[in-house]
Amino acid sequence: MNGLDLAAPAPSARLDEILIKARLGGTATLAEASAFRNALLVELGRAYAARDMVMQLHIGPLRNTRSRLLHSAGRDAGADSLRDAPLAEALNAFLDLLDRDNALPRTILYALDPSKTPVIVTTAGNFQDGSLAGKVQPGTAWWFNDQLDGMEAQMRTLAQMGLISTFLGMLTDSRSFLSFPRHEYFRRLLCKMIGNWAETGHLPDDPELLENLVRDICLRNAAKWFGVTEGL
């Protein structure tokens, strides 16, 4: 879900009014649109949990910020930026709303604003219930952060404030075949960081332990978390 916009829940009757207004050709206010999107996300989360599906939330883009480009080329043509809006209270409230009824699915949280990475990591830690290691996951460095400094910063924060041993590692949401080498880049960077931590005494200098940690982050955690365990 790109551009997650969290808002306080609205009563069902109010949501019906917003929907009817839009279907009759009216224009929803920003507050109404946010309330409706939030309610939709809650219902989708419940549906994912009921069907044992994964929920992935991409949080923080500010889209289509240059009017002339929007008018000449259309939406999502490249004038996107980081959104620095507050996040912690709304995100925790949203996840808690699902968790209260045991309706929180396996969830991955991605933050576009790198200053929100500690919020994402510590929020994920709040919603572990023992059913699956890393049930709620901080996602890998995303979009503008998908580069050397951004990836290192994300993994350092996860290692220091969360649990990197359950990390699902790299992903690509690109449809380009040439995007797949980023997995190799990620593996090399991860191995360099883990090697440095072992050399400085932050991890045990145990080759077997370190190899298993790398294999888990690069393959086995994701396979188990997504339920693809055959051949492991």
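The paragraphs below set out a description of the structure included in this document. What you are looking at is a predicted structure, and each value in this text was computed from that prediction instead of being measured.

## Quick look at the overall build of the protein chain
Tallying secondary structure elements over the protein chain gives 8 helices and 5 strands in all. Its helices and strands in sequence order give the protein chain the pattern α-α-β-β-α-β-α-β-α-β-α-α-α, from N to C terminus. Projected onto its principal axes, the C-alpha coordinates of the protein chain cover approximately 65 × 45 × 30 Å. Total accessible area on the protein chain stands at roughly 13400 Å², and carbon and sulfur atoms take up 54% of it. Each charge sign in the protein chain was given a centre, from 24 positive and 27 negative side chains, and these centres are 7 Å apart.

## Considering a negative patch on the surface
Taken together, Glu199, Asp205, Asp206 and Glu208 make up a surface patch of like negative charges. Tracing the backbone through its elements, the reader meets glutamate 199 in helix H7 (residues 181-199).

## Re the nonpolar core
The biggest cluster of nonpolar side chains holds 19 residues, and the ones touching the most others in it are Met155, Ile164, Phe167, Phe186, Leu190, Ile194 and Ile217. At the level of secondary structure, the elements contributing two or more residues to this core comprise helix H6 (148-161), H7 and helix H8 (207-225). Considering every element that reaches this core, the biggest residue donor is H7, with 7 residues. Those residues in contact with leucine 190 that lie beyond four places of it in its chain are Met155, Val214, Ile217 and Cys218. Counting residues in each nonpolar core, the second largest holds 18 residues, with Leu87, Phe94, Leu98 and Ile120 among its members.

## A look at the side chain of lysine 116
Residue position: lysine 116 is located in the loop between strand S4 (107-111) and helix H5 (117-126). What makes lysine 116 buried here is its relative accessible area of 14%. In this view, lysine 116 contacts Asp84, Ala85, Leu87 and Ala111; residues no more than four positions away in its chain are not counted.

## Examining H6
Here H6 is 14 residues long and its end C-alpha atoms lie 20 Å apart, about the 20 Å a rise of 1.5 Å per residue gives. Those residues of H6 lying buried are Gly150, Met151, Glu152, Gln154, Met155, Thr157 and Leu158. Where H6 is buried, its residues touch H5, strand S5 (136-138) and H7. One side-chain oxygen of the residue at the start of H6 lies 3.1 Å from the amide nitrogen of aspartate 149, identifying that residue as glutamine 147.

## Quick look at the pairing of strand S1 (residues 55-59)
S1 sits mainly inside the fold: 4 of its 5 residues count as buried. Sheet analysis places S1 next to S4, joined by 5 bridges and oriented parallel. The residue of S4 that forms the bridge with isoleucine 59 is alanine 111.

## Side note on the pattern of salt bridges
Applying the stated criterion across every chain, the model contains 17 salt bridges. Here arginine 63 and aspartate 76 are joined by a salt bridge, their closest N and O atoms 3.0 Å apart. On the criterion of sequence distance, the pair formed by arginine 63 in the loop between strand S2 (61-62) and helix H3 (67-73) and aspartate 76 in the loop between H3 and strand S3 (81-82) is long-range, its members being 13 residues apart. A residue is classified by how much of its surface remains accessible, and aspartate 76, at 45% relative accessible area, is partly exposed. Among the charged side chains, a salt-bridge network with shared partners connects Arg14, Glu17, Lys21 and Glu32.

## A short note on the environment of aspartate 146
Inspection of the secondary structure assignment puts aspartate 146 in the loop between S5 and H6. Along the primary structure aspartate 146 and phenylalanine 186 are separated by 40 residues, whereas in three dimensions their C-alpha atoms are 9.5 Å apart. Beyond its immediate chain neighbours, meaning those up to four positions away, aspartate 146 contacts Ala141, Met151, Met170 and Arg182. Among the polar contacts listed, one links the side chain of aspartate 146 to the side chain of arginine 182, at a separation of 2.9 Å.

Parameters and conventions
Residues numbered from 1 in each chain as written. Predicted model: local features only at pLDDT ≥ 70, side-chain atom pairs only at ≥ 80, totals over all residues. Heavy atoms only, no water. Helix = DSSP H or I, 4+ residues; strand = E, 2+ residues; numbered from the N terminus. Areas by Shrake-Rupley, 256 points an atom, 1.4 Å probe, with all protein chains shown as cover. Lys, Arg positive; Asp, Glu negative; His and termini not counted. Charge placed at Lys NZ, Arg CZ, Asp CG, Glu CD. Patch = residues over 30% accessible without salt bridge, like charges linked within 9 Å, V, L, I, M, F, W, Y side chains within 5 Å. Salt bridge = Lys/Arg side-chain N within 4 Å of Asp/Glu carboxyl O. Core = buried A, V, L, I, M, F, W, Y, C linked by side-chain atoms within 4.5 Å. Buried < 20%, exposed > 50% of the residue type's maximum accessible area, 1.4 Å probe, protein only. Contact = heavy atoms within 4.5 Å. Expected span 1.5 Å × (residues − 1). Polar contact = N/O pair within 3.5 Å; in protein donor to acceptor, adjacent residues only side chain to side chain. Pairing = 2+ DSSP bridges.

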